[in-house]
Amino acid sequence: MALASPVDYASIIQLNRFGLLSCGNRLRCIGYEKKTRAACQLVVRATFVDRPKLDFSNPNWKKQFQEDFDRRFSLPHLTDVIDVEPRPTTFSLKSRTPLENISGSLEESWNGYVNDDDRALLKVIKFASSTSAGADCIDPDCSWVEQWVHRAGPRKQIYFEPQCVKAGIVTCGGLCPGLNDVIRQIVLTLEKYGVKNIVGIQHGFRGFFEDHLSEVPLNTHVVQNINLAGGSFLGVSRGGASISDIVDSIQARRLDMLFVLGGNGTHAGANAIHAECRKRKLKVSIVGVPKTIDNDILLMDKTFGFDTAVEAAQRAINSAYIEAHSAFHGIGLVKLMGRSSGFITMHASLSSGQVDICLIPEVPFTLDGPNGVLRHVEHLIETKGFALICIAEGAGQEYLQKSNATDASGNMILSDIGVHLQQKIKSHFREIGVHSDVKYIDPTYMLRAVRANASDAILCTVLGQNAVHGAFAGFSGITTGVCNTHNVYLPIPEVIKTPRLVDPNSRMWHRCLTSTGQPDFH
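From a predicted model like this one, the values you see are computed outputs, not experimental measurements.

(A) Looking closely at the overall build of the chain. From N to C terminus, the chain includes eleven helices and 17 strands. With 522 residues in all, the chain has 56% of them scored as buried. Counting contacts in the chain only where the partners sit at least 6 residues apart, residues at least 24 apart contribute 75% of the total. In the form shown here, the chain has an accessible surface area of approximately 22000 Å², with 49% of it arising from carbon and sulfur atoms.

(B) Here's a closer look at the environment of Arg-155. Relative to the helices and strands, Arg-155 resides in the loop between β5 (148-151) and β6 (157-158). Along the backbone, Arg-155 and Thr-89 are 66 residues apart, and their C-alpha atoms lie at a distance of 7.1 Å. In this structure, Arg-155 is in contact with Thr-89, Tyr-113, Val-114, Asn-115, Asp-116, Ala-473, Phe-475 and Tyr-489, ignoring residues within four places of it in sequence. A polar side-chain atom of Arg-155 sits 3.0 Å from a polar atom in the side chain of Asp-116. In terms of polar contacts, Arg-155 uses its side chain to reach the backbone carbonyl oxygen of Arg-151, at 3.0 Å.

(C) The arrangement of the sheet that holds strand β10 (residues 257-262) in detail. Taken in spatial order, the nine strands of this open sheet run β4-β5-β17-β16-β11-β10-β7-β8-β9, and their pairing is mixed. Each edge of the open sheet is held by one strand with a lone partner, namely β4 (119-121) and β9 (216-217). As judged from the two bridges shared by strand β11 (residues 285-290) and strand β16 (residues 478-483), these two strands associate in the parallel manner. In the sheet register, Gly-288 faces β16, and the bridge partner there is Thr-479. Relative to the sheet, helix α2 (residues 179-193) contacts β7 (166-171), β8 (197-201), β10 and β11, its axis offset from that of β10 by approximately 160°.

(D) Looking closely at helix α5 (residues 264-279). Along its 16 residues, α5 runs 23 Å from first to last C-alpha, staying within 8% of the 22 Å computed at 1.5 Å per residue. Of all the 16 residues making up α5, 13 are buried; the element is thus mostly covered by neighbouring parts of the structure.

(E) Main features of the sheet that holds strand β12 (residues 330-336). Taken in spatial order, the four strands line up as β13-β14-β12-β15 in an open sheet, and their pairing is parallel. Of all the strands in the sheet, just β13 (357-359) and β15 (437-441) have a single pairing partner and so form its edges. For this sheet the average axis-to-axis angle between neighbouring strands, irrespective of direction, equals 15°. Taken together, the six bridges between β12 and strand β14 (residues 387-392) define a ladder with parallel strand orientation. Looking at the pairing, Gly-332 lines up with Leu-388 of β14. Of the strands in this sheet, β12, β13 and β14 are in contact with helix α8 (residues 373-383), which crosses β13 at around 160°. Strand contacts of helix α9 (residues 417-431): β12, β13, β14 and β15, with the helix running at about 160° to β12, the strand carrying the most contacts.

(F) Fine view of the packing of aromatic side chains. Tallying each qualifying case throughout the model produces ten aromatic pairs. Arranged with centres 5.9 Å apart and planes meeting at 55°, the rings of Phe-475 and Tyr-489 form a pair that is tilted. Here Phe-475, found in the loop between α10 (454-472) and β16, pairs with Tyr-489, found in strand β17 (residues 486-491); they are 14 residues apart in sequence, far enough to count as distant. Note on accessibility: Phe-475 and Tyr-489 belong to one class, buried.

(G) Representation of the packing of α8 against α9 within the structure. In the contact formed by α8 and α9, the axes pass within 10 Å of each other and the chain directions differ by 65°. In the packing of α8 onto α9, the handedness of the crossing is right-handed. The residues of α9 that touch α8, namely those facing Leu-374, Val-377, Glu-378 and Ile-381, are Lys-424, Ile-425, His-428 and Phe-429. Here the residues of the contact of α8 with α9 are counted per class, giving five nonpolar, one polar and two charged.

The rules we used
Residues numbered from 1 in each chain as written. Predicted model: local features only at pLDDT ≥ 70, side-chain atom pairs only at ≥ 80, totals over all residues. Heavy atoms only, no water. Helix = DSSP H or I, 4+ residues; strand = E, 2+ residues; numbered from the N terminus. Buried < 20%, exposed > 50% of the residue type's maximum accessible area, 1.4 Å probe, protein only. Contact = heavy atoms within 4.5 Å. Areas by Shrake-Rupley, 256 points an atom, 1.4 Å probe, with all protein chains shown as cover. Polar contact = N/O pair within 3.5 Å; in protein donor to acceptor, adjacent residues only side chain to side chain. Pairing = 2+ DSSP bridges. Axes fitted to C-alpha atoms, helices over the stretch in contact; angles between N-to-C directions. Expected span 1.5 Å × (residues − 1). Phe/Tyr/Trp six-rings, centres within 6.5 Å; stacked < 30°, edge-to-face > 60°. Left-handed = near helix turned anticlockwise from the far one by under 90°. Nonpolar A, V, L, I, M, F, W, Y, C, P; charged D, E, K, R; others polar.

By themselves, these figures tell us nothing about what the structure is for.
Okay, structure coming up:
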């Protein structure tokens, strides 16, 4: 049985009795359900934080909520299961080398450390009503409840002796712009602490059990220029071995830290590895770095690779626009990545300013009928002479025949909504006796194979550095990200419960609708 990677919709992550990671592809229906189907097909509201069952008539319900929140968002630490004493950090920007004076105590002249009690607010908007755009309320009155999460960064106390540490880096799942940037920053920051033994695990979790995939020694000289190219210097793959076998390999390799770069499914695997290490009482820190161009990881403002993917999509959208604008009754159709989340399609449409119709998985639409997509395309041809459509790969899957086949990660293989929509548009205009010239562009894999742009390169730098700081601080089973512009650490279970989705009630989706001018396709 393989180790699953990206999770489909609200997949339920669990370990079975064989110690293997399994993902059940069950859908959570939050707001919309096709009446003609037994199973829920579309999710239209994103749920970011689990709500405990609360009695709002109890005057202490806020306290109960905050206690539950603090418990769930408490970061797992090595000292939870083993006895380990902290020592003064060796990290400081005041020195060219790991900083430590003769007595072994920390230099106090630099004030650049994060206090263990520093927190950042997860939610910063106080909604006055549940009917406010994008409202995310706990109780019917939309009461303000503080939700604090741990701030990321270097601590004054660390729980490893840097000169004794062996650190590993692994990149899993598909390619994503910025992978090499993160690898590079992890290596540079580890060396700043004084770590000499750093290795890369080749081709994802497969590198732990494929005999011919040897460790790749990493240092500043090796990684200095890898950020100048796309892809992954270490290689990627989907699927993998059992959790027990991976932890056996970690023990055999004598790894003290493992940095896992990947999306939802990869983070689920990292959390399972962390749990097995805790069960064996190993002094091993497992830290995730969220990687997905779909931007679909819970609680985080943005994941690395997303900005670059949106930027790369502009070339395809602009080409489709030129083709459509230049042809008689031209219709440009662009399909972008987004299995369950339409962030790339929404942001690419917004940034283009030329898109007439934006279709995403979170918002249902009809193709035929007076309020359907095809009738609106007809209207665009009548009024402006051309049309430009941008659609996410996971949108409109209810119109296609399901194969029930899955890839190596356990993801359902989607039917091609782009080809289907292309054919539907052609047949519709033939039926009404109107000429059309449809140009279909699918730049799918081109978006993720490019080098990270400036925005993503900065984000990768921050995430790579904070991952190392988190490991040296003794945390394990965590991931690092940006919440409300602040860098934080989050327990992995809290970010893999369900993919982050576009909220159709959010201001960003409303902005997209204003930009495209499209109607409600119901």
